[in-house]
Amino acid sequence: MGRILLVGRLAVRDLRRRRVEAVLMLLAIMAATTTLTLGLVLRDAAAHPYQSTREATAGPDVVAGASRPSELPLLEELAGDPDVVDHGGPYPVTAAKLQASRRTSDVQAVGRDATPASVDQPELVEGSWVSDGGVVVEAAFARAFELRVGDPVTLSGRSFEVVGVAVTASMAPYPGGSCLVAAGCLHGVVPDDRALPSGLSHNPGLVWLTQADVRGLAAEPDSLSYVMNLKLADPGEAQAFADTKQGDLPMQPWQTILGEATELAEDSQILLLIGAWLLGLLAVASLSVLVGGRMADQTRRVGLLKAAGGTPGLVAAVLLAEYVLVAVVAAAAGLTIGSLTAPLLTEPGAGLVGSAGTPSMTWSTAASVTAVALGVALVATVVPAVRAARSSTVDMLADSPRPPRRVGWLIAISARLPVPLLLASRIAARRPRRVALAVASIAITVSGIYVLLVLDAFLGDQPLAGGYDDSQVAVLRQVLLVWTVILLSLTAVNAVVITWATVLDNRRWSALARALGATPREVSTALTAAQVLPTLAGAVLGAFPGGFALFAAVNAISGGDSGRATLPALWQLLALVLAAVLVVAALTSVPARLGARRPVTETLRAG
């Protein structure tokens, strides 16, 4: 117990002495844990509005359809099944063309009774239920077409008035939804070079009329389809019931409708989880640089701790404890921020009632996020900590500067370069692992931005992109914005951290260069160039092979169609590489100048 207390006290004291670095570590891990939390809780949070809609509308457990009147006996037989405790319908359905305010859309018109149904009674959010000459419009479809109570519309040439707007749990909100008509439906974007088959409904909306009005819209009685809503004794067995009884009748259990209704959340979850892993890699890179810089700065302190009797295990435990404490705090902050932010990205839309609310935090989610935070901290710190613990006590107390590595070909090339580039190449050669981390950090960031450009172009260029309406596209854009802001912020922190670590690591070397005739401006330019060169390499790798590889991975995970996406043009990629170089140069110039202004005599005397 005393050993644990000692390790904790030493770790906390060291964090207090270096608060800025502790905050940077906290931000790096918290960015990854927040995004991961958003991805994990998003799916559950988005399911709540659908459950609320099921309760409010007495939603069916299974929706069964018949494509022609001759199949009505099969529906009646299904309604008498022992597992079915209640049913609504069968209701007639026909395809129609809706026109309103110079806009036209295919719709599926369902005939309903004026009296409320015991199974699937759509919940009115505005107006009244069906009546002769009156149409009730599904809420998400009404919002997409800006339809309100009292608006005149025509259905297949017949005039109607919108008398109500309602939500239902028997079908996913527009632009999703099941196909109830015999001719078939097509959801999504149709290429310009393809024509729709005759009679096929494209992205149909859902409306309710009286049964008499629906029969009046049908070209002939035999063209009507029918739908029946079933309530089972055990709703949990809906999928098994549908699989067993399907036969010649198409059936859809409520679990399938739930998946379609929350497809937006699933796509948001995929984007956020991919972003979380990218941010996790960036956090590892950032922490590795921070740890390396702190180990170099703490060399003499570690030597004193070992000289006072600390074993290599105790020294390693103290160094690791600092980062574990930060990781635990970052995990807690990420869980809190992620769970509170999730409802902003899970707006149910007009097609569902209720709201996502603040999702309950499950133990599995908390454990997963905490494990990732600890894993990031341990991966970044375990090797430097063990190396410091095993180093010689005498060498650490002496704290002598690391001798430079003499590489013949590098000396031959750098000798012909201008002074700033000569110094920059030798700075980079002193820390090859740090250069590799800088290249990886920029490559990850540029790859992420590549995917963001593709997704943003896809959402902006195509109507009903991927089956989403304008409000759903806005939600996905919010997800992309969250990913972009956190990704760029953490990358900026990485660039500053790497530069500052380089400044600290090269204090004596920079002072010696100035003593031999280099100006402060040349030294600061060299420190900046030492970061710009890896940035250029990382940006090129991220823009060309890295970005495409990440986009292919996103498609493989989400099952997307890469043929429908517009890849960034060459000029966009070149502009992205140039922007990355300029931004990093601007971010690193300040710490580089501050480091180059330190008096030469003071620095050399300290060494």
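Residues numbered from 1 in each chain as written. Predicted model: local features only at pLDDT ≥ 70, side-chain atom pairs only at ≥ 80, totals over all residues. Heavy atoms only, no water.

### What about the overall build of the protein?
- Along the protein, the regular secondary structure elements total 20 helices and 12 strands.
- Looking at the 607 residues of the protein, the share that counts as buried comes to 50%.
- Taking contacts inside the protein between residues at least 6 apart in sequence as the whole, the part at least 24 apart equals 82%.
- Accessible surface, the protein: about 27,200 Å² in total, of which carbon and sulfur atoms supply 61%. (Helix = DSSP H or I, 4+ residues; strand = E, 2+ residues; numbered from the N terminus. Buried < 20%, exposed > 50% of the residue type's maximum accessible area, 1.4 Å probe, protein only. Contact = heavy atoms within 4.5 Å. Areas by Shrake-Rupley, 256 points an atom, 1.4 Å probe, with all protein chains shown as cover.)

### Thoughts on the pairing of strand E10 (residues 205–210)
- A large share of E10 lies buried, amounting to six of its six residues.
- With six bridges joining them, strand E3 (residues 103–112) and E10 adopt parallel strand pairing. Across the sheet, the residue bridging to Gln108 is Leu206, located in E10.
- As judged from the two bridges shared by strand E5 (residues 134–138) and E10, these two strands associate in the antiparallel manner. (Pairing = 2+ DSSP bridges.)

### A few points about helix H3 (residues 72–79)
- Regarding H3, the residues found buried are Leu75, Leu78 and Ala79. An end-on view of H3 places all buried positions within 100 degrees of arc, on one side of the element. Away from its buried face by more than 90 degrees, H3 exposes Pro73 and Glu77.
- Buried residues belonging to H3 abut strand E1 (62–66), strand E2 (84–100), strand E11 (225–232), helix H6 (238–245) and strand E12 (251–253). (Arc of directions from axis to C-beta.)

### Some remarks on a nonpolar patch on the surface
- On the surface, Leu536, Val540, Phe544, Leu570 and Leu574 cluster together to form a nonpolar patch covering roughly 440 Å² of accessible area.
- In terms of residue count, helix H18 (residues 520–558) provides more of the nonpolar patch than any other element does, three residues in total.
- Residue placement: Leu536 occurs in helix H18.
- The partly exposed category is assigned to Leu536, whose relative accessible area is 41%. (Patch = residues over 30% accessible without salt bridge, like charges linked within 9 Å, V, L, I, M, F, W, Y side chains within 5 Å. Salt bridge = Lys/Arg side-chain N within 4 Å of Asp/Glu carboxyl O.)

### Considerations on a positive patch on the surface
- The grouping of Arg9, Arg13, Arg16 and Arg19 at the surface amounts to a positive patch.
- With three residues, the single largest contributor to the positive patch is helix H1 (residues 2–17).
- By secondary structure assignment, the location of Arg9 is in helix H1. (Lys, Arg positive; Asp, Glu negative; His and termini not counted. Charge placed at Lys NZ, Arg CZ, Asp CG, Glu CD.)

### Structural notes on unusual backbone geometry
- One non-glycine residue, Asp120, adopts positive backbone phi at about 60 degrees.
- For Ser156, which is not a glycine, the phi torsion comes out positive at approximately 50 degrees.
- Along the chain, Ser156 turns up in the loop between strand E6 (152–155) and strand E7 (158–167).
- For Ser156, a relative accessible area of 41% corresponds to the partly exposed category.

### Regarding the side chain of Gln531
- Note on placement: Gln531 falls in helix H18.
- Those residues within four positions of Gln531 in sequence are excluded, and the remaining contacts are Ile498, Thr499, Thr502, Val584 and Thr588.

### Things to note about the confidence of the model for the protein
- Averaged over the protein, the pLDDT score is 75; the fraction of residues at 70 or greater is 71%.
- Predicted confidence for residues 353–358 stays below pLDDT 50, and this span has 19 contacts to residues more than four positions away or in other chains. (pLDDT = per-residue confidence, 0-100.)

### Thoughts on the packing of aromatic side chains
- A full pass over the atoms with the stated rule returns four aromatic pairs.
- Ring geometry for Trp129 against Trp208: centres 6.0 Å apart, planes inclined by 45 degrees, an arrangement best described as tilted. Within this pair, whereas Trp129 is found in the loop between strand E4 (123–127) and E5, its partner Trp208 is found in strand E10, the two being separated by 79 residues in sequence. For the residue pair Trp129 and Trp208, the accessibility class agrees, reading buried in each case.
- Ring centres of Phe141 and Phe145 lie 4.8 Å apart, and the angle between their planes is 45 degrees; this geometry places the pair in the tilted category.
- Given the relative accessible area of 10%, Phe145 is considered buried.
- Feature note: the residues Phe141, Phe145 and Tyr174 constitute an aromatic cluster, connected by ring pairs.
- Its end group placed over the ring of Phe145, Arg103 keeps NZ or CZ at 4.3 Å from the ring centre.
- Across from the ring centre of Tyr91, 4.2 Å away, lies the NZ or CZ of Arg112, which sits over that ring. (Phe/Tyr/Trp six-rings, centres within 6.5 Å; stacked < 30°, edge-to-face > 60°. Lys NZ or Arg CZ within 6 Å of the ring centre and 35° of its normal.)

### Some thoughts on the pattern of salt bridges
- In total, this model carries five salt bridges according to the counting rule given.
- Salt-bridge contacts for Asp61 lead to Arg54; the nearest nitrogen and oxygen are separated by 3.0 Å. Both residues of the pair, Asp61 and Arg54, count as buried.
- The partner of Lys97 in a salt bridge is Asp106, and the shortest N-O contact between them spans 2.7 Å.
- For Asp106, a relative accessible area of 8% translates into the label buried.

### Some details on the pairing of E6
- Across the two faces of E6 the burial differs, with Val153 and Leu155 buried and Pro152 and Thr154 not buried at all.
- Relative to E6, E2 runs antiparallel, the two sharing two bridges. Residue pairing across strands places Gln99 opposite Thr154, the latter belonging to E6.
- Taken together, the four bridges between E6 and E7 define a ladder with antiparallel strand orientation. If you follow Pro152 over to E7, its bridge partner there is Glu161.
- The hairpin turn running from E6 into E7, its antiparallel successor, is two residues long, and Ser156 in that turn takes a positive phi close to 50 degrees.

### Thoughts on the environment of Ala586
- With respect to the helices and strands, the residue Ala586 is situated in helix H19 (residues 570–596).
- On the accessibility criterion, Ala586 (48% relative accessible area) is partly exposed.
- Placed 54 residues apart in sequence, Ala586 and Val532 show a C-alpha to C-alpha distance of 9.8 Å.

### Considerations on the environment of Val540
- Secondary-structure assignment places Val540 in helix H18.
- We classify Val540 as partly exposed; its relative accessible area is 35%.
- Among all residues touching Val540, those that are not within four sequence positions of it are Pro545 and Val577.

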